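What follows is each chain in one-letter form.
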Amino acid sequence: MKKSLIFLITLCMCLFTGTAAYAGALEETTADSSTPRLMISEYKLSADYVTPSEEQTLTVTFKNCSSKKALSNIMLSISDDSGEIKTVGVQNKYVERIYAGGSYTWEIQIVASQTASIGEHILNVSAEYEDKYYNSFSSSGYVSVNVNQQAALEFNGLILPANMYQNASDSITVDFMNSGKCTVKSCKIELAIDGVETGGTVYVGDIEQGESTSVEINLLAIAETTGETKGTATVLWQDEMGNESSETVEIFTNIKEPVAVQTEQDADDGPEYKFWYLFLASGVLIGAAAGAAVPIAVQAKKTRRQDEARL
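Everything quoted here is computed from the prediction, not taken from an experiment.

Conventions adopted
Residues numbered from 1 in each chain as written. Predicted model: local features only at pLDDT ≥ 70, side-chain atom pairs only at ≥ 80, totals over all residues. Heavy atoms only, no water. pLDDT = per-residue confidence, 0-100. Helix = DSSP H or I, 4+ residues; strand = E, 2+ residues; numbered from the N terminus. Contact = heavy atoms within 4.5 Å. Pairing = 2+ DSSP bridges. Axes fitted to C-alpha atoms, helices over the stretch in contact; angles between N-to-C directions. 1 Å grid on protein atoms, 1.4 Å probe; cavity = no way out; pocket = protein on both sides within 12 Å on 5 of 7 lines; lining within 4 Å. Points joined across faces, edges and corners; volume = space filled by probe spheres on them. Nonpolar A, V, L, I, M, F, W, Y, C, P; charged D, E, K, R; others polar. Phe/Tyr/Trp six-rings, centres within 6.5 Å; stacked < 30°, edge-to-face > 60°. Buried < 20%, exposed > 50% of the residue type's maximum accessible area, 1.4 Å probe, protein only. Polar contact = N/O pair within 3.5 Å; in protein donor to acceptor, adjacent residues only side chain to side chain.

Our next topic: the confidence of the model for the protein. Summarising the model, the protein shows a mean pLDDT of 83, and 73% of its residues fall at 70 or more. By mean pLDDT, helix α1 (residues 2–32) is the weakest element of the protein at 53, and strand β2 (residues 56–64) is the strongest at 97. Within the model, pLDDT remains below 50 along residues 25–31, and this stretch shows five contacts once partners closer than five positions in the same chain are excluded.

What follows is about the sheet that holds strand β8 (residues 136–147). Taken together, the four strands give an open sheet; going across it, the order is β5-β3-β7-β8, and neighbouring strands pair in antiparallel fashion. Each having just a single partner strand, β5 (92–98) and β8 make up the two edges of the open sheet. Across this sheet, the average inter-strand angle for adjacent strands is 20 degrees, counted without regard to direction.

This next bit is on the layout of surface pockets. Approximately 310 Å³ is the volume attributed to the largest pocket. Partitioning the lining of the largest pocket into residue classes produces five nonpolar, nine polar and three charged.

Before going further, it helps to examine the packing of aromatic side chains. What the rule picks out here adds up to two aromatic pairs. Seen in terms of ring centroids, Tyr129 and Phe137 are 6.1 Å apart; in terms of plane orientation they differ by 25 degrees. Their pairing is stacked. Take Tyr129: its relative accessible area is 2%, and that puts it in the buried class. Between the aromatic rings of Phe155 and Phe176, the centroid separation amounts to 6.1 Å while the plane-to-plane angle is 45 degrees, which identifies the pairing as tilted. Taken as a pair, Phe155 in strand β9 (residues 153–156) and Phe176 in strand β11 (residues 169–178) lie far apart in primary sequence, 21 residues in all. Phe176 shares its class with Phe155; the two are buried.

Among the secondary structure elements, Asp131 is positioned in the loop between β7 (119–130) and β8. Here the side chain of Asp131 touches Asn135 through a polar contact of 2.9 Å, landing on its backbone nitrogen. Those residues in contact with Asp131 that lie beyond four places of it in its chain are Lys69, Ala70, Ser72 and Phe137.

Reading across from one edge, β1-β2-β6-β4 is the order of the four strands in this open sheet, with antiparallel pairing throughout. Looking at the sheet topology across the chains shown, the edges are occupied by β1 (38–45) and β4 (85–87). Averaged over neighbouring strand pairs, the angle between their axes works out to 35 degrees when direction is ignored. Pairing geometry for β2 and strand β6 (residues 103–112), over eight bridges, is antiparallel. For Gln56, the partnering residue across the bridge sits in β6 and is Ile110.

If you want it as structure tokens, here you go:
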């Protein structure tokens, strides 16, 4: 009886153990048949945009969405189809393992090419990885970054006349050239000169990449005193992202007293009219000479006749 009881207990334990093992194996097999997901959970750029002149850090975080499977032998890659966004160094990263439910953050140094177009760029991000059974998987996603190019503006002619005269107007012409990689927006000139009226702000407007334009500035000397005066001219503009730039130059001029204006009467007394007086004087002299010659000729004729009568 005792032996039979021991046998029954042993048999039950074997059956229970076998059932549990089978259930565990079945559960593991079912769980392992699912595809583990490695996905981008977040990303950020260290600045508002990428430029050719400065490297920025792009931070991408990957999350293992499986609650049971660890991922290993992971290869991460990033690329830009346009080729205008470049990584500093290699464009891939090897990661040994990301545990179930875990995350990994990849920091990538990127920079824009000199000819990169302004605006949004899409970067492709991909991952290749394995589970513990060496089954291979892959996933892909994308991140976006903005590119900005420097707005470069050249100008000349922002120089006052060497001399200006009180209460007299003058003008200068300023030439602009967009030598940058984007459109120059909202260009204007702010002028402040002691003793010279300029109108304050002169608007130039937008200048497309590679284009040039000119603007004329009218000036009026209103200073009550003469002598050298100076001021400043500030050129302001924006790039396509709204970032402002400016350049200030000092300008000088010399204000003099007004130049005497020749009146109509002064013009009548000019050299071309002085010949009239010469002609008049010559006429008077010739007339006087002619008047004196007539009596002399008459007297000579009378004397000649008296001499003939005496003979």
